[in-house]
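# Coordinate inspection notes
Here's the letter readout for the chains.
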Amino acid sequence: MAIARGYAATDASKPLAPFTFERREPRDDDVVIDIKYCGVCHSDIHQARDEWGNSTFPMVPGHEIVGIVRAVGSQVTRFKIGDRVGVGCFVDSCTTCAKRDLDLEQYLPGLVVTYNGVEAHGTPTQGGYSDHIVVKEGYVLSIPENLPLDAAAPLLCAGITLYSPLRHWKAGPGKKVAIVGLGGLGHMGVKLAHAMGAEVTVLSQTLSKKEDGLKLGADHYYATKDPETFTKLAGSFDLIICTVAAEIDWNAYLNLLKVDGDLVLVGIPENPVPVHAFSLVPARRSISGSMIGSIKETQEMLDFCGEHGIVSEIETIRMEQINEAYERVVRSDVRYRFVIDMESIKA
Ligand code: NAP
Ligand code: ZN
C-alpha cells in the first residue's frame, strides 16, 4: 500500500480539505500513474455536495486525470514507465455480464466509477485530486504526443461526453447542431462539432461570451434570455446537446428542432424534466440522454483531438484554490475549465 496525498470532501456541506489515504498495492495488470493535472468537472461539485443523493464520504473527486506512468505490473503490455496517460470517469466494469466488445461499458451494470464508487473488493474508489492513482491497464488511455497535458485533461470527461453524442447522432457536414451552455462541456462541444464539419450554434444565457464562442468554432451565437431567439430559431436544428444542469424551459428548446431532430441531455439537473407531448409529436422529435463514452471511443476521441489539435481552454489552479474554483463554476464564471496543477499538492 502506498500513501496518497489528496483533497477530499468529508461531508456534503464542508469545503474540500487535505486528506491522506491508501492506494492499493499494484497488481500484475495495473498501471501506477503520477498525476500531473486533474480537471474540475461540474459533476465533481454535484457529488462533493451530494446533489445527486448518492455520495459517500470521505470523497476525493476528480475524473479528468492526466499523468506519467510511474510503474507497471508484470502483465501490462500497452504502457511503460514515462508514458503520457489519462484516466477518465471509470476504472473498471463488470467482466462477467458486460460485453466489452459492445464498447458501451459505460451503460452496463458493474461500472466502477473513478471516485464515489466501489471496487470489486469492496474498497471505495478515490479520484484524481491526488498525487497518484493505480488503475487497471484496460482503463488507461494514451494522450497524443502533440497535446499539452494540462489542457488535455478535460478531454477525459468533458471531451468524450460531447464527442460520443456528436458521433452517435452523426454531427457532420450538412448538419445543424446547437450546444446549450458554454461551460466546460459546452466549449468542447463547439470545438468538436466544428472539427466534425457541422454548422454550430451556441445557445448561451447571454451574449457575454459571444466573441469566445465564435473563436472556438461556432458559426452562430444566441442569448437564451432573449425570447426572440426562440421564435427566430424555431425548427432549425438537427441536434441540440444540452449541457445545462439547471431548470430550463425544455419545451422551448424542443421547438427549436427540425422534424426528426433530437434533443440530447448530457447535463444532469436535480429535478425531473417536464416535457409536453406537443413539443415532440407534431415533428417526430426525440429527447435522449448520453453519458461519457466507452474506453475505445475515448481513445478514438483523444486521437481525433490529436489529429485536429483540439484541447480545452483552461485556467490552471493550485490544489488549495479548489473551493474558490467550485464557487466560480457554480456562478458560470469559468473560461472554460479549471485544471489543478498537482505539483501544488506535492509542494
Ligand atoms: P459548467 O462548466 O458549469 O457548464 C454549465 C453551463 O450551463 C454554464 O457554463 C452555463 O453556460 C450554463 N448554465 C448554468 N446555469 C444555467 C442556468 N440557470 N440556466 C441556463 N444555463 C445555465 O458545467 P460542466 O462541467 O460543463 O457540466 C455540465 C453538466 O453536465 C453537469 O450537470 C455535469 O454533472 C454534467 N455532466 C454530464 C456528463 C455525462 O456523461 N452526461 C459528464 C460530465 C458532466 P452559459 O453561461 O453559456 O449559459
Ligand atoms: Zn465529468
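Look above for the structure.
Counting of residues starts from 1 at the beginning of each chain's written sequence and follows it residue by residue. Chains carry letters from A onward and ligands carry numbers from 1 onward, assigned in written order. Since the coordinates come from a predicted model, pLDDT governs what is reported: local features require at least 70, and pairs of side-chain atoms require 80 or more to be given and counted, while whole-chain, interface and lining totals use all residues. Water and hydrogen atoms were dropped before computing side-chain values, which therefore reflect all heavy atoms in the structure.

### Structural notes on the layout of surface pockets
With a 1 Å grid laid over protein atoms only, a set of points is called a cavity when a 1.4 Å probe fits there but cannot get out and a pocket when it is open yet has protein on both sides within 12 Å along at least five of seven lines; lining residues have an atom within 4 Å of a point. Grid points are joined across faces, edges and corners, and a volume is the space filled by probe spheres set on the points. Roughly 450 Å³ of volume is contained in the second largest pocket. In this structure, the second largest pocket is lined by 20 residues; those nearest its centre are Arg24, Glu119, Thr123, Pro124 and Thr125. Listing elements by their share of the lining of the second largest pocket, those giving two or more residues are β2 (17-23), β6 (90-92) and β8 (132-136). The helix count covers DSSP runs of H or I at least four residues long, the strand count covers runs of E at least two residues long, and both are numbered beginning at the N terminus. Counting residues per element, the lining of the second largest pocket draws most heavily on β8, at four residues. Note on residue categories: nonpolar means Ala, Val, Leu, Ile, Met, Phe, Trp, Tyr, Cys or Pro, charged means Asp, Glu, Lys or Arg, and polar means any other residue, Gly included. In terms of residue class, the lining of the second largest pocket is built from eight nonpolar, five polar and seven charged.

### Considerations on the site of ligand 1
Only a single heavy atom is needed: when it lies within 4 Å of a molecule or strand, its residue is near that molecule or strand. The environment of ligand 1 is made up of 29 residues, and the closest members are His42, Leu182, Ser204, Lys209 and Arg337. Between ligand 1 and Leu185 there is a distance of 2.8 Å, counted from an oxygen atom to a backbone nitrogen or oxygen. Summarising the interface, the protein chains cover 89% of the accessible area of ligand 1, which totals 920 Å² for the free molecule. Secondary-structure elements contributing two or more residues to the shell around ligand 1 are α1 (42-48) and α4 (184-196). Under this definition, polar contacts are N or O atom pairs within 3.5 Å; protein pairs additionally need one hydrogen-donor-capable and one acceptor-capable atom, and for neighbouring residues in sequence, both atoms have to be side-chain atoms. The Shrake-Rupley method, run with a 1.4 Å probe sphere, supplies the accessible areas, and residue values consider only the shown protein chains as cover.

### Brief notes about empty space enclosed by the protein
Taken as a whole, this structure holds one cavity of 30 Å³ or more when the rule is applied. Reported here for the largest cavity is a volume of approximately 50 Å³. The wall of the largest cavity is formed by Gly88, Cys89, Phe90, Leu141, Leu156, Ile160, Ile292, Gly293, Ile295 and Thr298. Within the lining of the largest cavity, the residues separate by chemical class into seven nonpolar, three polar and no charged.

### Describing the nonpolar core
As a rule of thumb, nonpolar side chains are buried together in soluble globular proteins. The definition of a nonpolar core used throughout is a set of buried Ala, Val, Leu, Ile, Met, Phe, Trp, Tyr and Cys residues joined through side-chain atoms within 4.5 Å. Working definition: with a 1.4 Å probe on protein chains only, accessible area under 20% of the residue-type maximum means buried, over 50% means exposed, and in between means partly exposed. Counting residues in each nonpolar core, the largest one holds 89 residues, and the members touching the most others are Tyr129, Leu166, Leu192 and Ile322. The element contributing the most residues to this core is α4, with six residues. Boundaries of every domain are those given by an automatic assignment or by a domain database. Taken domain by domain, the makeup of this core includes at least three residues from each of domain 1 (2-157 + 295-305 + 312-346) and domain 2 (158-289). Throughout, a contact is declared for two residues whenever any of their heavy atoms are within 4.5 Å. In contact with Leu166, other than residues within four places in its own chain, are Ala171, Val177, Gly189, Leu192, Ala193, Met196, Leu239 and Ile241. Counting 18 residues, the second largest nonpolar core, distinct from the first, contains Val180, Val244, Tyr253 and Leu256.

### Here's the deal with the environment of Asp103
Here Asp103 lies in the loop between β6 and β7 (112-113). A C-alpha to C-alpha distance of 5.5 Å links Asp103 and Ser294, two positions 191 residues apart in sequence. Residues in contact with Asp103, not counting those within four places in the same chain, are Ser294 and Lys296.

### Concerning the sheet that holds strand β12 (residues 220-223)
The parallel open sheet is built from six strands, whose spatial order is β12-β11-β10-β13-β14-β15. Looking along the sheet, the strands with just one partner apiece sit at the ends: β12 and β15 (286-289). Here the strands of the sheet are splayed against their neighbours by 20 degrees on average, with no regard to which way each runs. The pairing of strand β14 (residues 257-265) with β15 spans four bridges and is classified as parallel. Following the sheet pairing, Asp262 is matched in β15 by Ser286. Axis lines are fitted to C-alpha atoms, over the contacting stretch for helices. Their N-to-C directions set the angle, which ranges from 0 to 180 degrees. Against the sheet, helix α3 (residues 158-168) engages β10 (176-180), β13 (237-242) and β14, with an angle of about 160 degrees to β13. A strand pair is defined by DSSP finding two or more bridges across the two strands.

### Quick word on a nonpolar patch on the surface
A patch is a set of surface residues, each over 30% in relative accessible area and not in a salt bridge, joined within 9 Å for like charges and within 5 Å for the nonpolar side chains Val, Leu, Ile, Met, Phe, Trp and Tyr. Whenever a carboxyl oxygen of Asp or Glu lies within 4 Å of a side-chain nitrogen of Lys or Arg, that contact is scored as a salt bridge. Together, Leu102, Leu104, Tyr107 and Met291 make up a nonpolar patch on the protein surface, roughly 370 Å² of accessible area in all. Relative to the elements of secondary structure, Leu102 occurs in the loop between β6 and β7.

### Quick notes on the packing of α4 against helix α9 (residues 295-308)
For the pair α4 and α9, the least separation of the axes is 11 Å and the interaxial angle reads 75 degrees. In terms of orientation, α4 and α9 fall into the roughly perpendicular class. In this structure, α4 uses Leu192, Ala195 and Met196 to contact α9, whose residues at the interface are Phe304, Cys305 and His308. Its residues placed into classes, the contact of α4 with α9 shows five nonpolar, one polar and no charged. These descriptions rest on fixed angle ranges, namely under 35 degrees for roughly parallel, over 145 for roughly antiparallel, 65 to 115 for roughly perpendicular, and the rest for oblique.

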